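# Structural overview for review
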Amino acid sequence: MNKESIRELVEWFEEATAWARVAVKEASEAGTPIIGLYCGYIPSEIIRASGALAVGLCGSTPAAVADGEVALPRNFCPLIKSSYGLAITDTCPYFHFADALIGETTCDGKKKAFELFGEMKPTHVMQLPYDADTERAYEQWRAEIDRVVGFIEGVTGTTITAESLSREIHDANEVRALLADVASTFEAEHPLLSWEEMLVVQNAGGFLTDRSTYKEKLRELAEALRATPLVTEAGNGRPRVLLTGTPIAPTTNKVMRLIDEAGGRVVCHDACSGVKMYDRLVDETGDPLESLTRYTLGLPCACMSPNPGRIDLLAKSVERYRIQGVVENVWQACHTFNVESVVVGRACENDLKIPHLKLETDYAESDLDQLRVRIEAFVEMLR
């Protein structure tokens, strides 16, 4: 299998994502309820178990930031500004066709922004606990899970059963396992896939309505990558870099792109736009709502305090992918990730004994030259 063949498969995910808006429109016109969400803490399995479509909502369009600033502060998270700008200008087709939104309180910015989103669409906000390792947090989050079940049933007019929920958990676990299989090929010394391409592959899953075809193509991609034997011996190739921090998308991946252009190689991205979302599976043996509660509560986002799970995942990823340096991408005004970058930096330098570079930026490309200089110096240091 050569690089051209791999690229053809990646192009399928790109094209399928572009056409997904048409599929959502057709589903809406056929009477299928559409529920939009922005975050992995929302158990999309519950939405699909009701017969509705769970669709990701747009928030990674740089041009929409200015539209969002009509109401939101300039010194604000670009992801939220872009999301709101797309909503108020009606330029996100998934938001347009959504019958309802489900939000979550992962940060103060989103919590308050959902009040504004609620002026446009019926919006349910899940109140997220922040001390995830306590039994009190489990009880609170389980109550929120039960509450969102009631909301979804009200929107769809259906009853969510244990059987339908178990079926959707199994289906979602298959997707997680396939994504993990594709990501594992980055263990090779010279991966055939870049993480810029992996972003495209993973990003498509949030928009495609045909999950069976998505799984089929993921399986095809994994098999194609496996056709070339993995080589894991240390070599004199490009420095192996892990990109951590706030979520990115194919349209906001400038730091990832600059690392590759500087001669580094991103072989792991551990954010919620990366391996964090499929490093574990949902337990399929017990009560499905309890399993979803524990799985989602275990996502190691910086909104959790304390958040040891993020450092655990970082350490495992550094070992697994033989990381030589960590670059942290933090969106401006994202206070949770900004503060937690101190903890990440200490873990890298004191415990993992590898260099750490923190970059604070936004969606604009006006700082490309500054970022390029810092990234090139960092990559050169890793050689």
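Quick summary incoming for the structure in this document. (Residues numbered from 1 in each chain as written. Predicted model: local features only at pLDDT ≥ 70, side-chain atom pairs only at ≥ 80, totals over all residues. Heavy atoms only, no water.)

## Some words on the packing of aromatic side chains
Note the cut-off: Whether two aromatic rings pair depends on their centres lying within 6.5 Å, for rings of Phe, Tyr and Trp, where Trp uses its six-membered ring; planes under 30 degrees apart make the pair stacked, over 60 edge-to-face, and the rest tilted. Strands here mean DSSP runs of E at least two residues long; helices mean DSSP runs of H or I at least four residues long; both are numbered from the N terminus. Categorising residues by exposure relies on relative accessible area from a 1.4 Å probe, with only protein chains included: less than 20% of the type maximum marks a residue as buried, more than 50% marks it as exposed, and the intermediate range marks it as partly exposed.
Considering all chains together, one arrives at 11 aromatic pairs under this definition. Where Tyr-94 meets Phe-207, the ring centres are 4.9 Å apart and the plane angle is 40°; that geometry is what we call tilted. Taken together, the residues span a long stretch of sequence, with Tyr-94 in helix H5 (residues 93-97) and Phe-207 in the loop between helix H9 (195-204) and helix H10 (211-226) at a distance of 113 residues. Each member of the pair, Tyr-94 as well as Phe-207, carries the same accessibility label: buried. Consider the rings of Phe-186 and Trp-195, whose centres lie 5.5 Å apart with planes at 25°: the pair is stacked. Owing to a relative accessible area of 1%, Trp-195 belongs among the buried residues under this scheme.

## Quick notes on the sheet that holds strand E8 (residues 356-361)
Stated formally: Here the rule is simple: two strands pair whenever DSSP picks up at least two bridges between them. Lines are fitted to the C-alpha atoms to define the axes, a helix being fitted only along its stretch in contact, and any angle between axes, read from their N-to-C directions, falls within 0 to 180 degrees.
One open sheet holds the four strands; their spatial order is E6-E5-E7-E8, and the pairing between them is parallel. Every interior strand has two partners, whereas the edge strands, strand E6 (265-269) and E8, have only one. Across the sheet, the mean angle separating the axes of adjacent strands is 30° when strand polarity is ignored.

## Some thoughts on the state of the cysteines
Operational definition: The definition used for a disulfide is geometric: two cysteine sulfur atoms within 2.5 Å.
All chains considered together, the criterion is met by one disulfide. Here Cys-58 connects covalently by a disulfide to Cys-92, the sulfurs 2.5 Å from one another. With the S-S dihedral at roughly 75°, the linkage between Cys-58 and Cys-92 falls on the right-handed side. Of the two residues, Cys-58 sits in the loop between strand E2 (53-56) and helix H3 (65-68) while Cys-92 sits in the loop between helix H4 (78-88) and H5, which places them 34 residues apart along the sequence. Cys-58 sits in the buried class, given a relative accessible area of 16%. Its relative accessible area of 2% is what places Cys-92 among the buried residues.

## A short note on the sheet that holds strand E1 (residues 34-37)
The line we're drawing: Note on contacts: a residue pair qualifies if any of its non-hydrogen atoms lie within 4.5 Å across the two residues.
Within the open sheet, the four strands sit side by side as E2-E1-E3-E4. Their pairing is parallel. Of all the strands in the sheet, just E2 and strand E4 (123-126) have a single pairing partner and so form its edges. Each strand axis lies, on average, 25° off the axis of its neighbour in the sheet, ignoring direction. Examined bridge by bridge, strand E3 (residues 100-104) and E4 share four bridges and lie parallel to one another. Looking at the pairing, Glu-104 lines up with Met-126 of E4. In the packing of helix H6 (residues 108-117) onto the sheet, contacts are made with E3 and E4, and the angle to E3 comes to roughly 165°. Sitting on the sheet, helix H7 (residues 135-156) is in contact with E1, E3 and E4, with an inclination near 165° to E4.

## Some details on a nonpolar patch on the surface
Operational definition: Each patch is built from salt-bridge-free residues with over 30% relative accessible area, joining like charges within 9 Å and nonpolar side chains (Val, Leu, Ile, Met, Phe, Trp, Tyr) within 5 Å. For accessible areas, the Shrake-Rupley method is used with a probe of radius 1.4 Å. Any residue's cover is judged against the shown protein chains and nothing else. Here, a salt bridge means any side-chain nitrogen of Lys or Arg that lies within 4 Å of a carboxyl oxygen of Asp or Glu.
A cluster of nonpolar side chains, namely Val-70, Ile-88 and Met-120, defines an oily patch on the protein surface of about 270 Å² accessible area. Judged by relative accessible area, which is 37%, Ile-88 ranks as partly exposed.

## Structural notes on H10
The following threshold applies: Here a helix's expected span is defined as the number of its residues, less one, multiplied by 1.5 Å.
Look at H10: 22 Å from first C-alpha to last across 16 residues, which is about the 22 Å you get at 1.5 Å a residue. Looking only at H10, the buried set comprises Arg-211, Tyr-214, Lys-215, Lys-217, Leu-218, Leu-221, Ala-222, Ala-224 and Leu-225.

## Examining the pattern of salt bridges
In total, this model carries 31 salt bridges according to the counting rule given. The partner of Glu-29 in a salt bridge is Lys-25, with the nearest N and O atoms 2.6 Å apart. With a gap of four residues between them, Glu-29 and Lys-25 both fall in helix H1 (residues 3-29), about one helical turn apart. When its relative accessible area of 35% is taken as the criterion, Lys-25 is described as partly exposed. The salt bridge partner of Glu-144 is Arg-147, with a shortest N-O separation of 2.8 Å. Taken together, the residues Glu-144 and Arg-147, both in helix H7 and three residues apart, mark about one turn of the helix. The network of salt bridges with common partners includes Arg-7, Glu-11, Glu-14 and Glu-197.

## Overview of the environment of Phe-97
Topologically, Phe-97 is positioned in helix H5. Each C-alpha atom of the pair Phe-97 and Gly-56 lies 12 Å from the other, and the pair is 41 residues apart in sequence. Once residues lying within four places of it in the same chain are set aside, the contact partners of Phe-97 are Val-24, Lys-25, Ser-28 and Ile-34.

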